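Structural overview for review
Chain by chain, the residues run as shown.
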Amino acid sequence: MQEHGITHLQDGLVGGLNYAGDGIKSAEYVQSAKLVKFAAQSGDRFSPQAARVLRFRLMDECWLQPVTLKLQVQLNNTTLNDAATPPAAIDLTPIAQPLCMFQSARLLLNGQACESIDELPVMASIMDKLQPVSTRITRSMQHHPIQDNGEYTPLKAGRSRFLLIDLPFGLTRQHLWLPLHIISQLVVELTLAPASTAFAEANANFTLENVHMLGTCLHVDSNITMQYHLSLIHI
């Protein structure tokens with residue numbers, strides 16, 4: 001078993017934990033893969049008026065595939081027409097991809113900010129517009145479906161919609177595995193922006209529930225993990 005682990009360490013792991021290219025298809029040292037859910041630390045109900053900061057601590061005894069990380073939320077339309085008596089629920093019309101619901105995003109390691117994005121709606125809008133039309137339509141199926149006229153499908157009055165949102169960080173756009181059993185203080189923070197940033201209605205309002213960070217974790221042969229621990233000790 002020791003020889004098997006070292007052989008695969010030399011064949012597949014040296015040169016970077018990137019298993020997406022170079023024609024390397026062997027992964028016999030991977031014992032299991034599982035979808036994990038990281039719950040928000042500060043509760044499970046958020047809104048632009050109250051609890052605005054979504055904070056996740058990514059902890060597990062595994063190797064995380066960062067490119068698989070996605071934010072899952074249930075978007076609840078709580079928008080009311082205040083001009084009506086009594087106020088009546090109305091549709092909520094998205095004008096941007098759901099990442100624009102957040103004002104800022106931070107990725108922290110051991111309490112230090114590794115990546116910090118302050119004007120997230122601007123960056124998210126630019127990145128979205130630079131995508132090919134076919135890619136935008138395909139990705140919209142995970143959040144606000146795009147209609148034939150190119151506009152996002154409104155969320156009906158009083159209804160809910162589940163969204164899967166890609167993260168904006170450089171770390172989550174690459175294929176190198178992250179050893180969460182070594183990186184013990186990896187934190188993702190997202191701060192909600194005013195509702196009008198992402199929706200057309202002047203009095204737009206919403207809440208987020210069932211908030212989770214989803215990702216794929218891999219468990220590998222113990223010899224592989226041991227060799228990396230030894231490598232870190234001798235750096």
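For the structure, check the block above.
Residues numbered from 1 in each chain as written. Predicted model: local features only at pLDDT ≥ 70, side-chain atom pairs only at ≥ 80, totals over all residues. Heavy atoms only, no water.

**Digging into the state of the cysteines**
Enumeration over the complete set of coordinates arrives at one disulfide. Here C62 connects covalently by a disulfide to C217, the sulfurs 2.3 Å from one another. In this pair, C62 is assigned in the loop between β3 (53-58) and β4 (63-77) and C217 in strand β12 (residues 206-220), connecting sequence segments 155 residues apart. An identical accessibility class is assigned to C62 and C217; each is buried. (Disulfide = S-S within 2.5 Å. Helix = DSSP H or I, 4+ residues; strand = E, 2+ residues; numbered from the N terminus. Buried < 20%, exposed > 50% of the residue type's maximum accessible area, 1.4 Å probe, protein only.)

**Let's talk about the side chain of N76**
Along the polypeptide, N76 turns up in strand β4. Looking at N76, the relative accessible area reads 9%, which means it is buried. Separated by 3.1 Å, the side chains of N76 and E209 make a polar contact. Among residues more than four places away in sequence, those in contact with N76 are R159, S160, N205, F206, T207 and E209. (Polar contact = N/O pair within 3.5 Å; in protein donor to acceptor, adjacent residues only side chain to side chain. Contact = heavy atoms within 4.5 Å.)

**Some thoughts on a nonpolar patch on the surface**
On the surface, a cluster of nonpolar side chains totalling about 320 Å² of accessible area is made up of V122, I126 and L130. Examined against the element boundaries, I126 turns out to sit in helix α2 (residues 120-129). We classify I126 as partly exposed; its relative accessible area is 48%. (Patch = residues over 30% accessible without salt bridge, like charges linked within 9 Å, V, L, I, M, F, W, Y side chains within 5 Å. Areas by Shrake-Rupley, 256 points an atom, 1.4 Å probe, with all protein chains shown as cover. Salt bridge = Lys/Arg side-chain N within 4 Å of Asp/Glu carboxyl O.)

**Looking at the packing of aromatic side chains**
For the coordinates displayed, the defined rule picks out one aromatic pair. Judged by centre distance (5.5 Å) and plane angle (55 degrees), the ring pair of F199 and F206 falls under tilted. (Phe/Tyr/Trp six-rings, centres within 6.5 Å; stacked < 30°, edge-to-face > 60°.)

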